[in-house]
Amino acid sequence: MYALLIVFLLGMMVDAASGESTANPASEPRWTIALHGGAGAGARRLDDQERDQMQRALERALKAGQQVLAGGGTALDAVEAAVVVLEDEPQFNAGKGAVFNTAGGHELDATIMDGATLRCGGVASLKFIKNPIKAARLVMNETPHVLLGGERADRFAIEKGCEQVAQEYFYVERRFEELQQALKKRGLPPLDAPAYPVPNTTEAGKQPPPGEARGTVGCVALDVHGNLAAATSTGGRTAKLAGRIGDSAINGAGNYANNNSCAASGTGNGEEFIRHSIAARVGWLMEHSKLPIDEAVNHCLHKVLRPGDGGIIAIDRQGNVAMHSTTIAMPRAVADSSGRWEIAIDVDQ
Ligand code: ASP
């Protein structure tokens, strides 16, 4: 009788062990990072030189995150470091290169979330902060709140040491052309000029952003401590109303991280991402419906959102990564401790 019980208990232990190790720890990457540069339609129109520029920008961001993770740093530090690089690149619609609103200005949104603690921070409609993701991190770290917006958020970030810039800093010539085209499409009169004096166009100001690709940026990471984090940053949508706040400012909508499921960052039609709590929904589908990460992401893109609404990148605690979009392009990149290093722009439909 006792012998039988022991055999039974041993069997249970083996089951438990194999249950935990379905992903074979030996082959699991110790750290993984993935990032995106926005879902959109225009990247196919990039010429070789523009495509090359974009790939190099993605690579620089990937390296920034990789360095943090490979040195044993946290997923939070890694996603922030990668997003800062992308914010500084004029190709993307985040930080420098942010799109214009109908008032001819720029208002920036960003969020960051820690999967270990569910602590998170967001900023909405910033006008004068070079790197909104740093401001979002400060909201998380140094306030009891999860979202600050408008003039007071700018002031908070400046007081906490974020670099302050004039609106002119965000100027990229092609973005203004995009605004004029968008106004025309809506039957609205064009603007004579941006809401600020156009700076002498620097090299960076001339660099073309990727056609109509929307260019929001986001990053998700798993660190060697087993923790997940996500960060997202954007200028929003071209010709948005001044004061409009999108999903990239709102954890749960365009950004989410929870060690029980995944870290996710979205890009696309922000109103739809907010309406359906898309980034958190990927996590819930994994945690409660036990969907693998690819299925959870695809469910949101194909069963919840509408065709062409956007893309999602997500990562789980085993280092599995899903990067999908229903647009024809989503610049993206992934790296991990096993040597994986991939960069892509177009989406295979
Ligand atoms: N989701 C962003 C927003 O709606 C825009 C984008 O990802 O392209 O603000």
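Residues numbered from 1 in each chain as written. Predicted model: local features only at pLDDT ≥ 70, side-chain atom pairs only at ≥ 80, totals over all residues. Heavy atoms only, no water.

Undergrad: Could you clarify how one ought to interpret the packing of helix α9 (residues 278–287) against helix α10 (residues 293–304) in this entry?
TA: Helices that pack against each other are described as a pair by the angle of their axes relative to one another and the distance between those axes. Following both chains from N to C, one finds α9 and α10 inclined at 130°, their axes separated by 9 Å at the closest point. By the criterion of interaxial angle, the relationship of α9 to α10 is oblique. Crossing of α9 over α10 shows right-handed handedness. Mapping the contact onto sequence places I278, R281, V282, L285 and M286 in α9 and I293, A296, V297, H299, C300 and V304 in α10. (Axes fitted to C-alpha atoms, helices over the stretch in contact; angles between N-to-C directions. Helix = DSSP H or I, 4+ residues; strand = E, 2+ residues; numbered from the N terminus. Parallel < 35°, antiparallel > 145°, perpendicular 65-115°, else oblique. Left-handed = near helix turned anticlockwise from the far one by under 90°. Contact = heavy atoms within 4.5 Å.)

Undergrad: Hey, could you run me through the site of the ligand in this one?
TA: Close to the ligand lie 12 residues, the nearest being T216, R244, D247, T267 and G268. Within the contact set of the ligand, an oxygen atom lies 2.8 Å away from a side-chain nitrogen or oxygen of R244. Within the side chain of T267, a nitrogen or oxygen atom sits 2.8 Å from an oxygen atom of the ligand. Burial of the ligand by the surrounding chains reaches 100%, relative to a free accessible area of 260 Å². (Near = heavy atom within 4 Å. Polar contact = N/O pair within 3.5 Å; in protein donor to acceptor, adjacent residues only side chain to side chain. Areas by Shrake-Rupley, 256 points an atom, 1.4 Å probe, with all protein chains shown as cover.)

Undergrad: How should the packing of aromatic side chains be read in this particular structure?
TA: The geometry of an aromatic ring pair is captured by the separation of the ring centres together with the interplanar angle, meaning the angle of the planes. With the rule as written, the count across this model stands at 5 aromatic pairs. Ring geometry for F100 versus Y171: centroids 6.4 Å apart, planes at 80°, classification edge-to-face. Note that F100 is positioned in the loop between α3 (75–88) and β2 (108–114) and Y171 in the loop between α5 (150–159) and α6 (173–185), a separation of 71 residues in sequence. Across the pair, Y171 and F100 agree in class, each one buried. Seen from their ring centres, Y171 and Y196 are 6.4 Å apart, and the 90° between their planes marks the pair as edge-to-face. Here Y196 lies in the loop between α6 and α7 (203–206) and Y171 lies in the loop between α5 and α6, a separation of 25 residues in the sequence. Given the relative accessible area of 7%, Y171 is considered buried. Of the residues examined, Y196 reaches a relative accessible area of 7% and is grouped as buried. Here the aromatic cluster, defined as three or more aromatic residues joined through ring pairs, consists of F100, Y171, F176 and Y196. Residue placement shows K96 over the ring face of Y169; its charged tip is 5.4 Å from the ring centre. (Phe/Tyr/Trp six-rings, centres within 6.5 Å; stacked < 30°, edge-to-face > 60°. Buried < 20%, exposed > 50% of the residue type's maximum accessible area, 1.4 Å probe, protein only. Lys NZ or Arg CZ within 6 Å of the ring centre and 35° of its normal.)

Undergrad: How do you make sense of α6 when you look at a structure like this?
TA: Note on helix geometry: an α-helix contains 3.6 residues per turn, so any two residues three or four positions apart are oriented the same way. In this model, α6 (13 residues) spans 19 Å end to end at C-alpha, consistent with the 18 Å of a helix rising 1.5 Å per residue. Of all the positions in α6, only R175, F176, E178, L179, Q180, A182 and L183 are classed as buried. G187 occupies a position one or two residues after α6 and carries a positive phi of about 75°. (Expected span 1.5 Å × (residues − 1).)

Undergrad: Looking at this structure, I do not really get the pairing of strand β8 (residues 263–268). What am I missing?
TA: For a regular strand, side-chain orientation follows a simple rule: the groups alternate between the two sheet faces. The buried fraction of β8 is high, at 6 of 6 residues. Residues A263, S265 and T267 point to one face of β8 and A264, G266 and G268 to the other, with burial holding for every one of them. The sheet contact formed by strand β7 (residues 255–257) and β8 spans 3 bridges and is antiparallel. Within the sheet, the bridge partner assigned to A257 lies in β8 and is A263. Linking β7 back to β8 in an antiparallel pair, the connection comprises 5 residues. (Pairing = 2+ DSSP bridges.)

Undergrad: Even after reading the chapter, I still don't get the sheet that holds strand β6 (residues 228–234), so can you show me in this structure?
TA: The pairing of strands in a sheet comes from backbone hydrogen bonds and takes either a parallel or an antiparallel form. An order of β4-β3-β2-β6-β5-β1-β11-β12 is seen for the 8 strands of this open sheet, with the pairing classed as mixed. The strands lining the two open edges of the sheet, one partner per strand, are β4 (147–149) and β12 (341–346). If you compare each strand with its neighbour and ignore which way they point, the axes differ by 5° on average. Sheet topology places strand β3 (residues 120–126) next to β4; 3 bridges connect them, and they run parallel. Bridge pairing in β4 places G122 opposite L147.

Undergrad: Looking at this structure, how should I read the side chain of T267?
TA: Mapped onto the secondary structure, T267 falls in strand β8. Separated by 3.0 Å, the side chain of T267 and the backbone nitrogen of A39 make a polar contact. Apart from residues lying up to four places away in sequence, T267 is in contact with H36, G38, A39, T216, F273, D309, G310, G311 and M330.

Undergrad: I would appreciate a short explanation of α10 in the present structure.
TA: With 12 residues, α10 extends 16 Å between its outermost C-alpha atoms, agreeing within 8% with the 16 Å of an ideal straight helix rising 1.5 Å per residue. Along α10, the residues classified as buried are I293, A296, V297, C300, L301 and V304. In an axial view of α10, the angular spread of the buried residues amounts to 125°, which keeps them on one side of the axis. Facing away from the buried side of α10 by more than 90 degrees, the exposed set consists of H302 and K303. (Arc of directions from axis to C-beta.)

Undergrad: What am I meant to see in the nonpolar core here?
TA: Generally speaking, soluble globular proteins have nonpolar side chains that are buried together. Formed by 50 residues in total, the largest nonpolar core has its most connected members in I33, L35, I112 and I133. It is α3 that contributes the most residues to this core, 9 residues altogether. With residues up to four places along the chain from it excluded, the contact list for I133 reads E80, V83, V84, E87, A110, T111, I112, A231 and T232. Counting residues in each nonpolar core, the second largest holds 36 residues, with C262, F273, I293 and I313 among its members. (Core = buried A, V, L, I, M, F, W, Y, C linked by side-chain atoms within 4.5 Å.)

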